[in-house]
Amino acid sequence: MADVKYGTPEFYKEQFLDFIADAQADEPHYGDALVEGFILALRDWKEYHCKQVVEYDRIEQRVRQALAV
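Conventions we followed
- Residues numbered from 1 in each chain as written.
- Predicted model: local features only at pLDDT ≥ 70, side-chain atom pairs only at ≥ 80, totals over all residues.
- Heavy atoms only, no water.
- Helix = DSSP H or I, 4+ residues; strand = E, 2+ residues; numbered from the N terminus.
- Rg over C-alpha atoms; globule rule 2.2 N^0.38 Å.
- Buried < 20%, exposed > 50% of the residue type's maximum accessible area, 1.4 Å probe, protein only.
- Areas by Shrake-Rupley, 256 points an atom, 1.4 Å probe, with all protein chains shown as cover.
- Lys, Arg positive; Asp, Glu negative; His and termini not counted.
- Charge placed at Lys NZ, Arg CZ, Asp CG, Glu CD.
- Phe/Tyr/Trp six-rings, centres within 6.5 Å; stacked < 30°, edge-to-face > 60°.
- Salt bridge = Lys/Arg side-chain N within 4 Å of Asp/Glu carboxyl O.

Asks: So, the overall build of the protein: which residues are in play, and what are the values?
Replies: Each helix and strand in the protein was counted, giving 2 helices and 0 strands. Against the compact-globule benchmark of 11 Å for 69 residues, the protein has a radius of gyration of 20 Å, which places it well outside the compact range. By its C-alpha atoms, the protein is 65 × 35 × 15 Å across when sized along the principal axes. By the burial criterion, 3% of the 69 residues in the protein qualify as buried. Total accessible area computed for the protein in this model is approximately 6,300 Å², and 61% of it derives from carbon and sulfur atoms. Side-chain charges of the protein comprise 8 positive and 14 negative groups, with the mean position of each set lying 15 Å from the other.

In structure tokens:
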């Protein structure tokens, strides 16, 4: 994977290969957990970014007050 450029489809293919390897035909709960884990990760990132927007708004207000804008 060292020669795969970050951010390309090939890069993400390599990333997903590790996850997909956990899916087992005789143990379908692993695949279900993989999907649920992806959803949980998306929720966590969304929550983080929502909190960041609130903080950016707070900082913007502080700057506007300081500059009397």
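Asks: Any chance you could break down the environment of V54 for me, citing the residues and the numbers?
Replies: Considering the arrangement of structural elements, one finds V54 in helix α2 (residues 28–67). Taking the relative accessible area as the measure of exposure, V54 reaches 56% and is therefore exposed.

Asks: With reference to specific residues and values, describe the packing of aromatic side chains.
Replies: This model, assessed by the stated rule, comprises 4 aromatic pairs. Ring centres of F11 and Y12 lie 5.0 Å apart, and the angle between their planes is 85 degrees; on these two criteria the pair is classed as edge-to-face. Ring centres of W45 and Y48 lie 5.6 Å apart, and the angle between their planes is 85 degrees; this geometry places the pair in the edge-to-face category. Of the two residues, W45 and Y48 both sit in helix α2, 3 residues apart, roughly one turn of that helix. Overall, the relative accessible area of 40% leaves Y48 in the partly exposed class.

Asks: Describe the pattern of salt bridges, with residues and values.
Replies: Within the structure shown, the criterion is met by 4 salt bridges. Residues R58 and E55 are paired through a salt bridge, measuring 2.8 Å at the closest nitrogen-oxygen approach. One end of the pair, R58, and the other, E55, are both in helix α2, 3 residues apart, so they sit about a helical turn from each other. A salt bridge links R64 to E60, with the nearest nitrogen and oxygen atoms 3.1 Å apart. Of the two residues, R64 and E60 are both situated in helix α2; the distance of 4 residues between them amounts to about one turn of the helix. The class for R64 is partly exposed, based on a relative accessible area of 35%.

Asks: Residue-level account of unusual backbone geometry, with values.
Replies: A positive phi angle, near 55 degrees, is found at A68, a position not held by glycine. Secondary-structure assignment places A68 in the segment after α2.

Fair warning: the whole summary comes from geometry, so function is off the table for now.
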